[in-house]
Amino acid sequence: MDRRTTPFSGRVAHVSLRDLVAAPLTEGEPARVVLPLADLRAAPDGARDRQLLLGDAVTVIDRDRDHAFVISEKDGYCGWVKEAALGNGPEPTHWVMAPATHLYEAPSVQAQELASLSLGSRVAVQGAWGAWASTDFGYVPVAHLHPVGQWAPDPVLVAESLLGTPYLWGGNSRFGIDCSGLVQVALHAAGRTCPGDSDMQMAMGRGLGAEEQLRRGDLVFWKGHVALVVNQDLLIHANGHTMSVSYEGIRDAVARIAANGGGLVQARQRV
């Protein structure tokens, strides 16, 4: 069983694992992320696997050392997150469609900002004051929000809105993102399901034959790396070469990665 998608903390397991593990079982407790960004870790205070955003729903399975072991609702990823990042609140009604935005203490451009939110964060809008939406956490510009269910039409455009975002291993936000994080954020913004890591993403969609040409939105995979196709000659990816989200010619990327020991393309998927 892959620990990343197995809801078993090592002590307590989700009821879905009945007869599969010898451990106490629980249905878990629902919670939501109440901080702008929270690391999802392999162990309490361990290495970051992925990140969760404000409003993300989770199921809490276990608790240890001020951390909670959770299942992320959006992709089934399991891991440990600091309990201070979790709470309860209303079902989100809107998501942040801008690359990033701020929460403000009042509905005014001159008001003090309270926090920064990344694309994909979710909030429950309580009301609107002109160009401002009121939430439990502060005010957000209405222009930066879409209702949940009103998704971006093109995941590649979403990825392109994050050009220049610094590379961060396990990152899922405008403030730092990795290759699989970029793909996941882009596809989720388009209302599509997508797992968290590139090896999982390689199983999505349909594999392309050698004679089939790439088209916009296809995914190209190397070992441990994934990129989105912009057109037949260009891709966009979060990469350690530029330490950012950047464009790169497909032929250039294939040659560079092979020359640097990253191997050849492993798969090309249409999602």
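Above this text sits the structure in question.
Bear in mind that the values here come from a model prediction, so they are computed numbers and not experimental data.

Each value, and the rule that gives it
Residue numbers run consecutively from 1 along every chain, following the written order of its sequence. Two thresholds apply to this predicted model, a pLDDT of at least 70 for residue-level local features and 80 or more for giving and counting side-chain atom pairs, whereas whole-chain, interface and lining totals are computed over all residues. Side-chain numbers come from the whole structure's heavy atoms, not from hydrogens or water. Any two strands between which DSSP finds at least two bridges are classified as paired. Runs of E in the DSSP output that reach at least two residues are strands. Runs of H or I that reach at least four are helices, and both are numbered from the N terminus. Three labels apply to residues, based on accessible area from a 1.4 Å probe with only protein chains included: buried if under 20% of the type maximum, exposed if over 50%, partly exposed otherwise in between. This arc is built from the directions going out from the helix axis to the C-beta atoms. By definition in these notes, contact holds between two residues if any of their heavy atoms fall within 4.5 Å.

Draft legend 1. A look at the pairing of strand β4 (residues 37-41). Sheet analysis places β4 next to strand β5 (residues 48-53), joined by five bridges and oriented antiparallel. When the bridges of β5 are listed, Arg41 appears paired with Arg48. Once β4 ends, the chain turns through six residues before running back antiparallel as β5, passing Asp45 with a positive phi of about 60°.

Draft legend 2. Quick look at helix α4 (residues 250-259). Of all the positions in α4, only Ile250, Ala253, Arg256 and Ile257 are classed as buried. The buried residues of α4 occupy an angular sector of 130° when projected down its axis, which confines them to one face. Away from its buried face, by an angle of more than 90 degrees, α4 presents the exposed residues Arg251, Asp252 and Ala259. Of the surrounding secondary structure, the elements contacted by the buried residues of α4 are β21 (219-222), β22 (225-231), β23 (234-239) and β24 (244-249). A positive backbone phi angle near 85° is found at Gly261, which sits one or two residues after α4.

Draft legend 3. Structural detail: helix α2 (residues 179-189). In terms of burial, α2 is largely enclosed, as 11 of its 11 residues are buried. Three or more residues of α2 are buried, namely Cys179, Ser180, Gly181, Leu182, Val183, Gln184, Val185, Ala186, Leu187, His188 and Ala189. Phi turns positive, to about 80°, at Gly191, one or two residues after α2.

Draft legend 4. Region of the structure containing the sheet that holds β22. Taken in spatial order, the six strands line up as β20-β25-β21-β22-β23-β24 in an open sheet, and their pairing is antiparallel. Each edge of the open sheet carries a strand with a single partner, namely β20 (206-207) and β24. Looking at chain direction, β22 and β23 are connected through three bridges and run antiparallel. Across the sheet, residue Asn231 finds its bridge partner in β23, namely Leu234.

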